[in-house]
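So the chains spell out like this:
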Amino acid sequence: MFSKQQTIGEKVNYVLLLIILLLITLACLAPIWHMVAVSLSDNSAVSAGQVSFIPVGFTLTPYEYILNDQRFFQAFGVSLQRVLLGGAINFIMTVLAAYPLSKETSEFPARNKLMWIFIFTMMFNGGLIPWYMTIKMTGVMDSIWALVLPGAVPVFNVVLLMNFFRAIPKEVGEAAKMDGAGVFTTMWKVFIPMSLPAIATVTLFSIVHHWNAFFDGMILINNPAGQPLQTYIRSLVVLPALADMTSGNLEDILKLSEKTFNAAKIVVTMLPIIVVYPFLQRYFVTGITLGSVKE
């Protein structure tokens, strides 16, 4: 771990840095681990404040109550469809918008005007009612398109990717042009492969947004079977209508509390993001453009 050339001060600094990073990691993981422990604990133990990081009175009742409902799997399928479709649309629109905006005005004269239009949409919006009326008039209500089309062009992601494209040396594009590559060929075979870290970042932003969104599902989807997972989870309450409860359901409900049930919902909804993140994380620290231009 240490080399002979390192001084004692450098070794001490290295150890202190490791300790600080370890403490930061534990501080980030502690709330998640606490939620897992609460979701696996007995109602009475949670209500008494006896649960910290180890489950007390181990039980799977909150998870059983969520997973035994068929609507959970319907909503999970809708959210999965939304993430795949919405993420693909966001990727295509972000790249197609960011690439021309990264050019100079000599290459793309309308760049500044379009850039101001994009920035304006970040600063101002028409409000909830015009947003709803616009979507309703397009005829996509109660469909998956109502969840993915309104946010097809995430302006913040466009700005991030545009700045990354602008950081790529101009000589790279000029070399591709001299080799006979057209605009789309240069974008697809040169700029996109060199921009994988930025693309992975904005793609993760889109995935997290689509997975966590619940408000538009409440407003735009009237059919319960078409609501995404977050909207469905939000509609669950600790004490549902007793008229719809069987004796088995009532027995399970009595074992639940708002804290354990909410903790189980948090754990269930964050698992897919935790699974996807490791596959994209490696791109965050990759400097692909390093050494791309040789003198």
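Thresholds, definitions, all that
- Residues numbered from 1 in each chain as written.
- Predicted model: local features only at pLDDT ≥ 70, side-chain atom pairs only at ≥ 80, totals over all residues.
- Heavy atoms only, no water.
- Core = buried A, V, L, I, M, F, W, Y, C linked by side-chain atoms within 4.5 Å.
- Buried < 20%, exposed > 50% of the residue type's maximum accessible area, 1.4 Å probe, protein only.
- Helix = DSSP H or I, 4+ residues; strand = E, 2+ residues; numbered from the N terminus.
- Contact = heavy atoms within 4.5 Å.
- Patch = residues over 30% accessible without salt bridge, like charges linked within 9 Å, V, L, I, M, F, W, Y side chains within 5 Å.
- Areas by Shrake-Rupley, 256 points an atom, 1.4 Å probe, with all protein chains shown as cover.
- Salt bridge = Lys/Arg side-chain N within 4 Å of Asp/Glu carboxyl O.
- Phe/Tyr/Trp six-rings, centres within 6.5 Å; stacked < 30°, edge-to-face > 60°.

### Structural notes on the nonpolar core
In terms of nonpolar packing, the biggest core is built from 23 residues, with Ala 98, Leu 101, Leu 161, Phe 165, Ile 168, Val 190 and Phe 191 touching the most fellow members. Elements represented by at least two residues in this core include exactly helix 4 (70–101), helix 5 (111–123), helix 8 (155–167), helix 9 (170–178), helix 10 (183–194) and helix 11 (196–212). Apart from the residues lying within four places of it in its own chain, the contact partners of Phe 165 are Val 95, Ala 98, Tyr 99, Ser 102, Phe 191 and Ser 195. In this structure, Tyr 63, Tyr 65, Ile 207 and Ile 233 belong to the second largest nonpolar core, which totals 18 residues.

### Quick notes on a nonpolar patch on the surface
On the surface, Ile 8, Val 12, Tyr 14, Val 15, Leu 16, Leu 18, Ile 19, Leu 22, Leu 23 and Leu 26 cluster together into a nonpolar patch covering about 920 Å² of accessible area. Inspection of the secondary structure assignment puts Val 12 in helix 1 (residues 8–39).

### Description of the pattern of salt bridges
This model, assessed by the stated rule, comprises three salt bridges. Among the ionic pairs, Asp 216 bridges to Arg 82, the shortest N-O distance being 2.6 Å. In this pair, Asp 216 sits in helix 12 (residues 215–220) while Arg 82 sits in helix 4, placing the two residues 134 residues apart along the sequence. Just as Asp 216 is buried, Arg 82 falls in that class too.

### Section: the packing of aromatic side chains
Summed over the entire model, instances satisfying the criterion amount to eight aromatic pairs. A ring pair is formed by Phe 72 and Tyr 232, whose centres lie 6.4 Å apart and whose planes are at 65 degrees; its orientation type is edge-to-face. Residue Phe 72 is found in helix 4, and its partner Tyr 232 is found in helix 13 (residues 229–235); the two are separated by 160 residues along the sequence. Judged by its relative accessible area of 5%, Phe 72 falls in the buried class. Arranged with centres 5.6 Å apart and planes meeting at 80 degrees, the rings of Phe 76 and Trp 211 form a pair that is edge-to-face.

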